[in-house]
Amino acid sequence: FIVDFYCPAAKLVIELDGNQHFEAEHQEKDQARDSALAGLGLHVLRFDNRQVLLETDAVLSVIDETVKRRM
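Residues numbered from 1 in each chain as written. Predicted model: local features only at pLDDT ≥ 70, side-chain atom pairs only at ≥ 80, totals over all residues. Heavy atoms only, no water.

## Details of helix H1 (residues 24–39)
Owing to its 3.6 residues per turn, the α-helix aligns residues three or four sequence positions apart on the same side. Its 16 residues place the ends of H1 23 Å apart at the C-alpha level, agreeing with the 22 Å of an ideal helix rising 1.5 Å per residue. Restricting attention to buried positions, one finds in H1 the residues Asp 30, Arg 33, Asp 34 and Leu 37. Each buried residue of H1 lies within a common arc of 105° when the element is viewed along its axis, so the set occupies one face. When the buried face of H1 is taken as reference, the exposed residues oriented beyond 90 degrees from it are Ala 24, Glu 25, Glu 28, Gln 31, Ser 35 and Gly 39. Looking at the buried positions of H1, the neighbouring elements they touch are strand E2 (12–17) and strand E3 (43–48). (Helix = DSSP H or I, 4+ residues; strand = E, 2+ residues; numbered from the N terminus. Expected span 1.5 Å × (residues − 1). Buried < 20%, exposed > 50% of the residue type's maximum accessible area, 1.4 Å probe, protein only. Arc of directions from axis to C-beta. Contact = heavy atoms within 4.5 Å.)

Following this line, the structure appears as structure tokens:
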């Protein structure tokens, strides 16, 4: 898979999703992909583009806390 961001030390994948990911077909593919990545021991965080642009501090806080828990 090609992921948006990957932190090998925390085994963390971060995906930034556009509007198409709200469609049922994309959600099914995303769930299957996330399950496959989890099978490799990776944790996936997903944020939509709106969150990243308008709630940047909250997104960064979630990422920071997740990295701390996984290290």
